[in-house]
Structures are given as structure tokens and as C-alpha cells.
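Residues per chain are reported as follows:
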Amino acid sequence: MMKLEDVKKIAIIGGGNMGHGCAMVFAGAGYPVGLYSRRAETLEKAVVGMRDDLTFLAERGLGRLEDVEATVGLVKTTQDMEEAAADADFVLECVAEDMTLKQDIFQKLDQMCRPEAILATNTSVMSPTEIASTSERRERILGTHWWNPPFLIPLVEVVQTEETPQWVIDVTMDLHWKIGKHPVHAKKDVPGFIANRLQHALWREAISIVERGIADPATVDESLKFGPGLRLPVMAPLENADLVGLDLTYSIHSYVLRHLEDSHEPSALLKEKVDKGELGFKSGGVGFQTWTPEQQKALRANMLDYLCKAVREMREKDE
Ligand SMILES: NC(=O)c1ccc[n+]([C@@H]2O[C@H](COP(=O)([O-])OP(=O)(O)OC[C@H]3O[C@@H](n4cnc5c(N)ncnc54)[C@H](O)[C@@H]3O)[C@@H](O)[C@H]2O)c1
């Protein structure tokens, strides 16, 4: 049985968007990291990406410019998976979202890793139980679902399978607290874990309101941003229900729930847009709304500024 103090080295398998982002967070907390990718080009991009992202953060008061090179230096890149994984105590798989590929990686890790090592998958939607199912050490494999951008969003969903013992959950939760994340424990391995279930219940209703002609897309988003969305970071649904009273919540649900969208399929409007190639920013800006290149840039920049400010405030509160 391992303890938090036994975790001395991290391995990250996959050097793409999430892989390099997670690597720099572990390194930023002082952990040496072995970062594996098949391609030298991916690893070169990962190093540039970590340097750029750490500099971006430091310029916004999250970290220090003089620490950037030391943090990047803690990440040793390699095209040899065994070199990254063999002496690691905690391994995070961040390869493409493909079940066969992930199962194959865990079978290889089984052979390469120390018997005590904890192995985690960063899958967005797939079942960690199924990913672990072809491995010999299923009890040491669990989900740790980071959110994008991994160096800014604090949440990491720690997903338990039926075979994960409590101590593996405890060490994984403690490790993520230690590196400055906000881990939450999903006690069951279900599609969407916790946060994506909440998020997509909201998206389904947002699309349905447009589809039913109740409001246009910009109005739907405004209704959230200038209304209940504003208080969400400080008062989430169950806190809110306690505040207003469960009797009131019961009475509202008794009246309104039957009118809400409950389709088990993606909406016809969404399918129609996808079939027409109206995919949003990636197809020239036409999605639910039409975005100029300047508006696209502004939306991204606003989100990053907002996240930096929110994370700065959280850290100040914790100090
Ligand atoms: N991007 C997100 O918003 C996000 C958020 C949370 C979790 N995730 C999950 O994290 C994981 C990685 O996503 P990403 O966004 O970093 O993707 P990415 O495409 O940026 O990176 C995927 C990496 O997998 C590697 N890869 C692909 N095929 C491989 C193979 N056969 N062998 C070894 N490596 C291979 C690629 O070279 C690449 O480095 C996925 O499971 C994804 O669902 C993504």
C-alpha cells in the first residue's frame, strides 16, 4: 500500500494538449516528470507549449517568470515509454480517446511499471473500468479526469471503478490537492462522471430552447451569463436548493420538470447543423451564432483572462 510521501516521480503517457499541460502542473509542484510521446515533433511542441503556457501564467500573476525554465527542466521527454514509466510512482495516460489504444497502453504499462505504481487515465468519456479490463493490475487503475486548459481549471474528477481500493483513491486525491488541483471523488464509473453530466444536461436544454423557438442562441447564453450563471461559482445547485428551501425546490420541480428536454438522442437541430458543416469556430465561424475572426479571438482571450483572475482569487483566499 502506497502513501502520498511514496509518490516521488510522475510519468505522463501522451504529449498532446492535455499531456504537456498536466506535465507542467506536476513539474510546477516540484515533481520530476517523464513525458512520453511516439514522435519527436510532439515532444518538441510539448516543451515549447509548456514554456509558453508557464510564461503566460507568470505574466498574469500565476507563478514566477524566473521559475519557468526550472519547471520545464523537471520534465524529461522521451520516445521510449519504458524510460518514462519504469521508475514512476504515478502514471497518467493522456493518449487519444480510443478504447483499443488506451487498453493497449495499459497492457504495456502493466509490464513496464513498478508493481506499486498507481496508473490513471485522463479519458474524457470512456469507462476507466473498460480501459482497465484487459490489464493484470485492475485494482491500481482509475480515472483522473482533468479539464482543459489543465493548467487553469482546478477540477480533477477521480473516478473509482468497482476494483479500486480506498487507499488508491486517497493517495490520488491527496496527490492532486498537493499539486494545487481541486480533486473530487466520483464513487461510480458512469458515463460523463460528475461534471460532464451536469454540463451536458444544461447544453441539452440550451439547444432545446433554441429548437423550440423560445429564444435565439445569443439570448439563451445571455440568460445564463447575466442570471444564474453569475452566482454559480459561489452558489451551485444543491447549495442553492438548501438556501431557497427543499420544499420550494420540490414544488418547482413538480410543475416544471415535465416541460424540460429529456431526449436521449442529440437534438435534430444539432444534427442538421453538423450535416451542413456549420461546426462553429472550426468551420469559419458559423455555428449556433456567426463569429468573425476577431470575435473568436476575443471569446478565447476573455475566457483565459477570466480563468486567470478566478484562479488568482482562489489562491489568495487559500493563503
Ligand atoms: N482536450 C480536452 O479538452 C480534454 C479534456 C479532458 C480530457 N481529455 C482527454 O485527454 C486525452 C488526450 O487528449 P488531448 O486533448 O491531449 O489529445 P491530443 O490529440 O492533443 O493528444 C493525444 C496524444 O495521443 C498520442 N497518440 C495518438 N495515437 C497514439 C498511439 N497509437 N500511440 C501512442 N500515442 C498516441 C498523440 O501523438 C498525441 O500526442 C484524451 O483521452 C482526451 O479525451 C481531453
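What counts, and where the lines are drawn
- Residues numbered from 1 in each chain as written.
- Predicted model: local features only at pLDDT ≥ 70, side-chain atom pairs only at ≥ 80, totals over all residues.
- Pairing = 2+ DSSP bridges.
- Helix = DSSP H or I, 4+ residues; strand = E, 2+ residues; numbered from the N terminus.
- Axes fitted to C-alpha atoms, helices over the stretch in contact; angles between N-to-C directions.
- Contact = placed C-beta atoms within 7 Å.
- Near = placed C-beta within 6 Å.
- Nonpolar A, V, L, I, M, F, W, Y, C, P; charged D, E, K, R; others polar.
- Buried ≥ 20, exposed ≤ 12 C-beta atoms within 10 Å, placed from the backbone.
- Right-handed = clockwise from strand over helix to strand, strands pointing away.
- Core = buried A, V, L, I, M, F, W, Y, C linked by C-beta atoms within 7 Å.
- Domains from an automatic or database assignment.
- Parallel < 35°, antiparallel > 145°, perpendicular 65-115°, else oblique.
- Left-handed = near helix turned anticlockwise from the far one by under 90°.
- Expected span 1.5 Å × (residues − 1).
- Arc of directions from axis to C-beta.

J.: Is there a simple way to explain the sheet that holds strand E1 (residues 10-13) in this structure?
T.: The strands that make up a sheet pair up through hydrogen bonds in the backbone, lying either parallel or antiparallel. Read from one edge of the open sheet, eight strands run E3-E2-E1-E4-E5-E6-E7-E8, paired in mixed fashion. Looking at strand neighbours, the two that pair on one side only are strand E3 (75-78) and strand E8 (182-186), the edges of this open sheet. Ignoring strand direction, the axes of neighbouring strands in this sheet form an average angle of 25°. Bridge count for strand E4 (residues 90-93) against strand E5 (residues 118-121) is four bridges, and the pairing is parallel. Within E5, the position partnered with Glu93 by the bridge is Thr121. Lying over the sheet, helix H5 (residues 99-112) contacts E1, E4, E5 and strand E6 (141-146), oriented at roughly 160° with respect to E4.

J.: Looking at this structure, how should I read the site of the ligand?
T.: Taken together, 20 residues sit near the ligand, with Gly16, Asn17, Met18, Ser124 and Asn148 positioned nearest. In terms of residues, the shell around the ligand owes the most to one element, helix H1 (residues 17-28), which gives three residues. Tallied by class, the residues present in the shell around the ligand amount to seven nonpolar, 11 polar and two charged.

J.: Could you clarify how one ought to interpret the pairing of E5 in this entry?
T.: Regular strands have side chains that alternate between both faces of the sheet. Every second residue of E5 is oriented toward a common face, with Ile118 and Ala120 on one face and Leu119 and Thr121 on the other, all of them buried. In this fold, the crossover linking E4 to E5 by way of H5 has right-handed handedness. When E5 meets E6, the two strands line up parallel, connected through three bridges. Among the inter-strand pairings, Ala120 is bridged to a residue of E6, identified as Leu142.

J.: Hey, could you run me through the nonpolar core in this one?
T.: Nonpolar side chains in soluble globular proteins generally cluster together in the buried interior. If you look at the biggest cluster of nonpolar residues, it comprises 56 residues, and the most contacted ones within it are Ile12, Ile13, Ala23 and Val91. For this core, the element with the highest residue contribution is H1, accounting for seven residues. Non-local contacts of Val91, meaning those with residues more than four positions away in its chain, are made with Ala11, Ile13, Ala85, Leu109, Cys113, Ala117, Leu119 and Ala120.

J.: I'm lost on the domain arrangement of the protein in this one. Help?
T.: Interfaces are often sized by the accessible area lost when the parts come together. Entries for the protein in the domain assignment read domain 1 (4-186) and domain 2 (270-304). Relative to domain 2, the C-alpha centre of domain 1 lies at a distance of 30 Å.

J.: Just checking my understanding: could you explain the environment of Lys276 for this structure?
T.: Among the secondary structure elements, Lys276 is positioned in helix H13 (residues 268-276). Residue class for Lys276 comes out exposed when judged on the 10 C-beta atoms lying within 10 Å of it. Along the sequence, Lys276 and Val68 sit 208 residues apart, while their C-alpha atoms lie 44 Å from each other.

J.: Before we go on, may I ask you to explain the packing of H1 against helix H2 (residues 40-59) in this structure?
T.: Any two packed helices are characterised by how steeply their axes cross, that is the angle between the axes, and by the distance between the axes. It is the contact of H1 with H2, at a shortest axis distance of 9 Å, that shows an interaxial angle of 55°. Classified by the angle between their axes, H1 and H2 sit oblique to one another. Here H1 and H2 pass one another in a crossing that is right-handed. Counting all contacts with H1, which are made through Gly19, His20, Gly21, Ala23 and Met24, the residues of H2 involved are Ala46, Gly49, Met50, Asp53 and Leu54. Each residue belonging to the contact of H1 with H2 can be placed in one class, and the counts come to five nonpolar, four polar and one charged.

J.: How should I be thinking about H5 in this particular structure?
T.: Along an α-helix, residues three or four apart share an orientation, since each turn contains 3.6 residues. Look at H5: 20 Å from first C-alpha to last across 14 residues, which is about the 20 Å you get at 1.5 Å a residue. What H5 keeps buried is the set Lys102, Ile105, Phe106 and Leu109. Projection of H5 onto a plane perpendicular to its axis shows the buried side chains occupying an angular sector of 95°, all on one side. Turned more than 90 degrees off the buried face of H5, the exposed positions are Thr100 and Gln111. Contact partners of the buried residues in H5: E1, helix H4 (81-85), E4, E5, helix H6 (128-132) and E6.

J.: I'm lost on the pairing of strand E2 (residues 33-36) in this one. Help?
T.: Residues Val33 and Leu35 line one face of E2 and the alternating positions Gly34 and Tyr36 line the opposite face, and both faces are buried. Direction of pairing for E1 relative to E2: parallel, over a ladder of four bridges. Along E2, the bridge assignment pairs Ile10 with Val33. Read from E1 through H1 to E2, the crossover connection turns out right-handed. Of the pairings in the sheet, the one linking E2 to E3 comprises four bridges and is parallel in character. When the bridges of E3 are listed, Val33 appears paired with Val75.

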